[in-house]
Amino acid sequence: MKKIIFIAVILIVLFSNTTFCQETVTGSNNPESLFTSPDPKLHANKQVVYHIIRDLLEANHWDLAEKYLSKEYLQYNPNAASGRDSVVNYFTKVRKVKPSAIPEKIEQYKVVSVVAEGDLVTVAFARTVKDEKNPKNDYTTTWFDMWRIKDGKAVEHWDSALKGEAPNLK
């Protein structure tokens, strides 16, 4: 009987905690190296995205948005309207972010990978999420952002956001 109870307890522990059976998603120790390419065009496109992440998203310098986002910027995130001005408004007025010093390197975002092909650059980030079944626990998963670059600026953006969601990517 003791053996059956022991096995039952082990099974409950194993199957009640979803984070137990999952690998932790971690970011690169050197994310800057992921934003490079020997191909000059892909390198330039990756660098635009690097600055979007570091200067705009991490340091909140939306005053620099004109350097990296086209005026017509198409936004497929359901929480922000298209157009550079609308995206800037979303971060500065809706999310009320405040600028901080632009770091030398990406410090907060956990970049897992960067893939560039043609005019597209896709970045995968480690994302931490609360476990709904066990609110005391977090787990990690992967978040994707993709930008289309034209003439040195992002002209389109896709991600996996849901309405009302501001994911923890830092």
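Further remarks concern the side chain of Asn-60. Positionally, Asn-60 belongs in the loop between helix H3 (40-58) and helix H4 (65-68). Judged by its relative accessible area of 11%, Asn-60 falls in the buried class. A distance of 3.4 Å separates the side chain of Asn-60 from the backbone oxygen of Lys-98, its partner in a polar contact. Aside from chain neighbours lying at most four places away, what touches Asn-60 is Asp-55, Val-97, Lys-98 and Pro-99.

Here we take up the sheet that holds strand E5 (residues 153-159). Read from one edge to the other, the open sheet built from five strands follows the order E1-E5-E4-E3-E2, with strand pairing classed as mixed. Unpaired on one side and paired on the other, strand E1 (69-75) and strand E2 (111-117) mark the two borders of the sheet. Taking the axes of each pair of neighbouring strands and ignoring which way they run, one obtains an average angle of 25 degrees across the sheet. Relative to strand E4 (residues 138-150), strand E3 (residues 120-130) runs antiparallel, the two sharing 11 bridges. Within E4, the position partnered with Val-121 by the bridge is Trp-147. This element, H3, spans E1, E2, E3, E4 and E5 of the sheet and lies at about 125 degrees to E4.

Reading the values: the criteria
Residues numbered from 1 in each chain as written. Predicted model: local features only at pLDDT ≥ 70, side-chain atom pairs only at ≥ 80, totals over all residues. Heavy atoms only, no water. Helix = DSSP H or I, 4+ residues; strand = E, 2+ residues; numbered from the N terminus. Buried < 20%, exposed > 50% of the residue type's maximum accessible area, 1.4 Å probe, protein only. Polar contact = N/O pair within 3.5 Å; in protein donor to acceptor, adjacent residues only side chain to side chain. Contact = heavy atoms within 4.5 Å. Pairing = 2+ DSSP bridges. Axes fitted to C-alpha atoms, helices over the stretch in contact; angles between N-to-C directions.

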